[in-house]
Amino acid sequence: MFFKKKYNGVILIDFHDVLTDLQDFKLKQGNFFAKKYGYKLVNPNAYDTSEIFDWTVSRNEEFWDMYLPQLLNTFKPKHLAKEALERLSFMKYKILVAYNPNDFDLTPESQKYHIHHMSKWLDRFDIPYDSCIISEKDWIEIVQKNEVTLFISANPSTIERVSPHCPSIIFDTNYNQNLDGDRITRVHDWKEAFQKIHDIH
C-alpha cells in the first residue's frame with residue numbers, strides 16, 4: 001500500500017533575491033552593459049532591468065543572454081539560506097524552489113540554460129529541496145496546484161497577487177519598499193525568515 005508523505009507545510013520559494021542577491025548583480029553588471037551601449041541608470045529601485053536602465057526588450061534579452069551564465073556559475077546562496085532550509089526540511093516542511101520565466105525577458109536559449117542550471121546550482125551548494133519548479137504558469141496556479149501553505153518572494157507584483165491566496169513572506173529589497181498587507185510579512189535575512197516561518201505555521 002502506498003502512503004502519502006505527510007508534511008507540516010509546503011513552502012514555495014521564488015529563487016531570485018530570496019536564495020540569491022540578484023538585485024546587486026543587475027545593478028553592477030547592468031551598469032557595465034549600459035555604458036557599452038550608451039544607456040544610463042534611470043531607476044535603481046525598479047525590479048526589471050529594462051526599467052532600471054530604460055533599454056529595449058531586445059536589449060534586455062541580449063543582457064540576460066550575456067550575463068545569465070555568469071549569474072548561475074558565480075552566485076553564492078544568501079547568508080544562512082542553506083542552514084534555514086536544512087532545519088525546515090528536518091522539521092518536515094516540503095520545500096519547493098521555483099522560477100517563472102515570465103518574470104524576465106529571456107530568449108528561449110536563455111530559458112533552457114536557466115532551467116538546466118538552477119537545480120544544478122541548488123545541488124552544488126547542498127541546498128535541500130523537494131522539487132524544483134520551472135513553469136510559465138501564473139504564480140497563483142502554481143500555489144494552488146501544489147497546495148502551498150507559505151510563499152516566499154522578493155518580487156512585489158508577485159507577492160501582491162499571491163498573498164490573498166496564501167500567507168506570504170517578502171524579502172526586503174530596494175524595489176519592494178512600498179508593499180505591505182495583512183497576509184504579508186517582511187523579513188531582512190534568513191535568520192528572521194526562519195523565525196517568521198515558525199510563527200506563521
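Scroll up a little and you will see the structure.
Before going into details, it helps to say that this report is about the structure given with it.

Cut-off values and rules
Residues numbered from 1 in each chain as written. Predicted model: local features only at pLDDT ≥ 70, side-chain atom pairs only at ≥ 80, totals over all residues. Heavy atoms only, no water. Helix = DSSP H or I, 4+ residues; strand = E, 2+ residues; numbered from the N terminus. Rg over C-alpha atoms; globule rule 2.2 N^0.38 Å. Buried < 20%, exposed > 50% of the residue type's maximum accessible area, 1.4 Å probe, protein only. Contact = heavy atoms within 4.5 Å. Salt bridge = Lys/Arg side-chain N within 4 Å of Asp/Glu carboxyl O.

Comments concerning the overall build of the protein chain
Step number 1: Looking only at helices and strands, one finds 8 helices and 6 strands in the protein chain.
Step number 2: In the protein chain, the order of α-helices and β-strands from amino to carboxyl end is β-α-α-α-α-β-α-β-α-β-α-β-β-α.
Step number 3: In terms of C-alpha radius of gyration, the protein chain reaches 17 Å, essentially the compact-globule figure of 17 Å for 201 residues.
Step number 4: Seen along its three principal axes, the alpha-carbon backbone of the protein chain occupies a region of about 60 × 35 × 30 Å.
Step number 5: Residues counted as buried form 48% of the 201 residues belonging to the protein chain.
Step number 6: Intrachain contacts of the protein chain at a sequence separation of at least 6 include 62% that bridge at least 24 residues.

Remarks on the pattern of salt bridges
Step number 1: This model, assessed by the stated rule, comprises 4 salt bridges.
Step number 2: Put simply, Asp138 and Arg161 hold a salt bridge, and the shortest N to O gap is 3.5 Å. Residue Asp138 is found in the loop between strand 3 (131–134) and helix 6 (139–145), and its partner Arg161 is found in helix 7 (residues 156–162); the two are separated by 23 residues along the sequence.

A few points about the environment of Ala98
Step number 1: Relative to the elements of secondary structure, Ala98 occurs in strand 2 (residues 93–99).
Step number 2: If near-sequence neighbours (up to four positions away) are discounted, Ala98 is found in contact with Leu12, Ile13, Asp14, Phe15, Met118, Ile133 and Trp139.

Any functional reading would require information that these geometric values do not contain.
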